[in-house]
Amino acid sequence: MIKQTADIFEILSKGGFISSDSTSPVIRQLYTLIDENLSELSDFFGAINFVLESGNEYFYFSRKENKVDLERKLEIATRWIDVLDFIKTYDAAFSAGFRFQPADIFVRVGSDLELKEKLNGLKKLTGKEKHEEIIDKIVNDMKRDGFIELENEITSTYKVVAAFSYLEELVACINIPEDIQNEIPE
Amino acid sequence: MMSREQALLKQMFSKRKQQSFRREAALELTDNRLQRIQSLLDHGVLRENGSFLEMEDIYLHFFEQVLEVNEEINTSFVVEHISYLKDTLSYYRQENNEHRKLTYLRTIKRILRNIALTTLRNVIDLKRNIDNTFKNEPNYQIKKKKLVRLDEKRKDIESLIKQSETFLMEEEEPFFRVVVDEELHQIVATVRISLNECFHNLIEIQKLIINYLNKIEYQNKIRMKIRQLKYLKDQFELEERTDICSILSQKESVWFEPSPSYPLRLSVDYLRNDDEVLDSIRKVIAMVGKRAILAKNVADTISEDYLKTQISEETYINLETVKQDFRKSDADLFTFIHAYSFSKEVSFDERVTFFCQIVSQFYEELMITDQFGTAQGVEYAVVYNKKNSEKQ
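Since we're looking at a predicted model, the values are computed, not measured. Every chain is numbered on its own, with residues counted from 1 as its sequence reads. Each chain is given a letter, starting from A, and each ligand a number, starting from 1, according to the order in which they appear as written. Under the rules for a predicted model, residues below a pLDDT of 70 receive no local features and side-chain atom pairs below 80 are neither given nor counted, while totals for whole chains, interfaces and linings still include all residues. Remark: hydrogens and water are excluded; side-chain values derive from all non-hydrogen atoms of the structure.

1. Concerning the layout of surface pockets
Cavities and pockets were defined on a 1 Å grid built over protein atoms only: a cavity is a set of grid points that admits a 1.4 Å probe from which the probe cannot escape, a pocket is an open set flanked by protein on both sides within 12 Å along at least five of seven lines, and lining residues are those with an atom within 4 Å of any such point. Grid points are joined across faces, edges and corners, and a volume is the space filled by probe spheres set on the points. Estimated volume of the largest pocket: approximately 860 Å³. Elements with a minimum of two residues in the lining of the largest pocket: helix H9 (164–172) of chain A together with helix H6 (98–136), helix H7 (140–171) and helix H9 (182–234) of chain B. Numbering of helices and strands starts at the N terminus; helices are DSSP runs of H or I of at least 4 residues and strands are runs of E of at least 2. Broken down by element, the lining of the largest pocket gets its largest block of residues, five residues, from H9(B). Residues are sorted three ways: Asp, Glu, Lys and Arg are charged, Ala, Val, Leu, Ile, Met, Phe, Trp, Tyr, Cys and Pro are nonpolar, and all the rest, Gly among them, are polar. A per-class count over the lining of the largest pocket returns ten nonpolar, seven polar and eleven charged. Per the annotation, domain bounds derive from an automatic or database assignment of domains. Shared between two domains, the lining of the largest pocket holds at least three residues of each, these being domain 1 (5–62) and domain 2 (67–172) of chain A.

2. Digging into the interface of chain B and chain A
Facing 35 residues of chain B, the contacting portion of chain A comprises 53 residues. By definition, the buried area sums, over both parts, the 1.4 Å-probe accessible area that each loses when the two are put together. Both faces considered, chain B and chain A share a buried interface measuring about 4,400 Å² in area, 64% of it formed by carbon and sulfur atoms. We count a salt bridge whenever a side-chain nitrogen from Lys or Arg sits within 4 Å of a carboxyl oxygen from Asp or Glu. Scanning the region where chain B abuts chain A turns up six salt bridges. Among the salt bridges present, the one from B:Arg241 reaches A:Glu183, with a minimum N-O distance of 2.8 Å. Pairs of N or O atoms are called polar contacts if they sit within 3.5 Å, as long as, within protein, a hydrogen donor faces a hydrogen acceptor (for residues adjacent in sequence, only side-chain-to-side-chain pairs). The interface formed by chain B and chain A includes 18 residue pairs in polar contact (both at pLDDT 80 or more). Listing elements by their share of the side of chain B that touches chain A, those giving two or more residues are H9, helix H10 (238–241) and helix H11 (244–250) of chain B. Residues that form the side of chain B that touches chain A fall into these classes: 19 nonpolar, five polar and eleven charged. Contacts were defined at the residue level, with two residues in contact if any of their heavy atoms lie within 4.5 Å.

3. Some thoughts on unusual backbone geometry
Even without a glycine there, the phi angle at A:Asn49 is positive, about 70°. Whether a residue is buried, partly exposed or exposed follows from its accessible area with a 1.4 Å probe, protein chains only, as a fraction of its type maximum: under 20%, in between, or over 50%, in that order. A:Asn49 gets classed as exposed once you look at its relative accessible area, which sits at 58%. Although it is not a glycine, B:Gln376 adopts a positive phi angle of roughly 45°. By the element assignment, B:Gln376 lies in the loop between strand E4 (366–375) and strand E5 (378–385). According to the relative accessible area criterion, B:Gln376 is exposed, its value standing at 61%.

4. A short note on a negative patch on the surface
On the surface, A:Asp69, A:Glu71, A:Glu75, B:Glu239 and B:Glu240 cluster together into a negatively charged patch. Of all the secondary structure elements, the ones that give two or more residues to the negative patch are helix H4 (70–90) of chain A together with H10 of chain B. Here A:Asp69 lies in the loop between strand E3 (58–62) and H4. Among the residues examined, A:Asp69 registers a relative accessible area of 45% and is labelled partly exposed. To count toward a patch, a residue needs a relative accessible area above 30% and no salt bridge. Like charges then connect within 9 Å, nonpolar side chains (Val, Leu, Ile, Met, Phe, Trp, Tyr) within 5 Å. Residue burial considers only the protein chains on display, and all accessible areas are found by Shrake-Rupley using a 1.4 Å probe. The convention is simple: Lys and Arg are positive, Asp and Glu are negative, and His and the chain ends are not counted. A single reference atom marks each charge: NZ on Lys, CZ on Arg, CG on Asp, CD on Glu.

5. Let's talk about the pairing of strand E2 (residues 51–54) of chain A
Residues and elements named next belong to chain A. Where E2 lies against E3, four bridges are found, and the strand directions are antiparallel. Residue pairing in the sheet places Leu52 in a bridge with Phe61 of E3. One bridge is not enough; two strands pair if DSSP finds at least two bridges between them. Turn length for the E2-E3 hairpin, with the two strands adjacent in sequence and antiparallel, is three residues, and the turn residue Glu57 shows positive phi of about 70°.

6. Concerning the pairing of E4(B)
Looking along a regular strand, one sees the side chains alternate between the two faces of the sheet. All names here are of chain B. Bridging between E4 and E5 involves seven bridges; their strand directions are antiparallel. Its bridge partner lying in E5, Met367 is registered against Tyr384. Taken together, E4 and the strand that follows it, E5, pair antiparallel across an intervening segment of two residues, in which Gln376 is found at a positive phi of about 45°.

7. Examining the side chain of B:Thr369
Residue and element names in this part refer to chain B. Structurally, Thr369 is set in strand E4. Classification of Thr369 as buried rests on a relative accessible area of 14%. At 2.6 Å, the side chain of Thr369 forms a polar contact with the backbone oxygen of Val382. Beyond its immediate chain neighbours, meaning those up to four positions away, Thr369 contacts Val382 and Tyr384.

Right, here's the structure in full:
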């Protein structure tokens with residue numbers, strides 16, 4: 001039995017991710033451990049109905065008899081589409097390995113009308129009014145779900161980790177028929 | 001001179017990309033002596049550009065090459081070396097003087113070494129620049145263009161390697177075989193090994209560029225897709241016009257689930273047998289106790305004023321006693337009350353009130369006659385004790 005199995009379960013069973021490029025050495029170590037003992041851990045977690053899934057440089061859990069209904073999934077997915085649209089407008093390179101400071105987003109919102117409009121669109125979603133509060137809420141949500149990590153506390157610099165690819169892959173596999181794509185303005 | 005102005009040149013080199021080194025800043029670094037800057041300008045080390053100073057390109061490139069930080073990959077050097085080599089070879093063939101022939105041979109060796117070295121440097125620079133561009137270039141469009149341009153450079157270097165190899169192996173192969181010079185043979189072999197190594201490196205670089213360009217393309221596609229999905233979402237058409245519902249139905253990730261909690265019961269055996277548990281229970285009780293106290297609404301302290309005892313005395317007139325005394329007398333009630341000696345001073349009005357109260361309270365024990373009396377302007381019914389009246 002692998003000693004850290006409980007630690008791995010603790011993170012993954014709450015819907016979290018374990019990324020290879022985490023800022024925490026402990027998480028990086030867990031990633032290597034899963035990578036090296038994938039079949040043993042898959043069997044172990046399989047026995048308690050969890051499927052250990054491996055993405056591009058990250059691991060997460062899924063389970064066959066998922067109790068979540070489609071409505072909740074849709075709600076979560078559409079919420080993230082709004083957030084992704086905002087952060088990709090902030091910087092198209094916002095992806096695994098990207099580093100940013102929330103204060104920089106705030107400054108950019110002040111000088112970029114498109115970004116400002118998109119941020120205003122997130123008011124209802126976040127339940128916040130002020131720009132700074134909305135940005136904080138988005139950053140905290142991404143941090144909570146394990147897509148970004150605080151790399152430098154002093155400069156408040158966040159690093160986008162490999163798990164972010166999960167969102168991108170989710171978006172990539174949604175299919176928009178070509179004729180509908182042509183109808184959408186650039 | 002160059003060594004004297006070391007500090008200035010170092011600063012100017014580190015700020016070469018900004019291209020905004022002011023004359024004033026240069027003055028500070030030369031102890032405010034204008035003639036020292038002028039001397040650098042006269043010798044062509046620096047040049048003026050408005051109020052800014054720049055390092056001459058020849059020195060700039062020299063430093064970049066020596067420090068291996070150049071961003072520009074210059075393939076023309078190799079082209080020049082090859083044509084120079086061709087010319088020198090023809091001079092060698094036509095020259096009859098053995099001494100001069102030897103000089104040309106030395107030049108040929110030098111050029112061959114240079115070709116190998118420059119190609120190797122180009123490949124190293126290319127790799128470094130590709131990495132730097134992908135990781136550090138913030139502008140997305142520029143990053144893509146730079147990478148495409150660097151890919152073209154790669155093709156240039158590749159074709160130069162091929163040219164050099166053809167030159168060494170095919171065109172002039174008989175010459176290098178015929179000339180009896182051990183050192184030349186060694187150099188040609190080293191150059192060929194080096195070129196071969198560079199070629200292999202270029203294949204790796206090609207893979208790297210393709211990988212980076214693919215990543216950029218992928219990111220671009222994702223960005224486009226997000227915009228399209230957002231548009232459809234805003235039009236309330238997301239579910240109708242895409243397959244999002246079927247995709248999400250297939251996704252069974254725990255990430256979609258609300259945060260779970262696992263309420264577990266404690267083992268009874270553990271609770272019974274472990275001494276440590278006792279401490280834990282004590283702690284829990286202390287915690288729960290604290291919480292219970294905290295939960296109560298604590299009122300403010302009672303003011304000192306409220307706590308002071310205040311004694312107030314009030315004399316109470318017992319009408320029952322008055323009535324008892326009245327039963328012993330024969331007078332009518334009003335006259336009796338008027339003359340009654342109370343324990344305290346009682347006014348006439350109060351005595352009238354007592355009269356009314358006694359009449360109303362003990363109505364059945366009294367006999368109210370039809371006669372009326374008057375005292376101090378108050379008219380009253382004459383009331384007797386029932387017993388007395390019966391006697392009468």
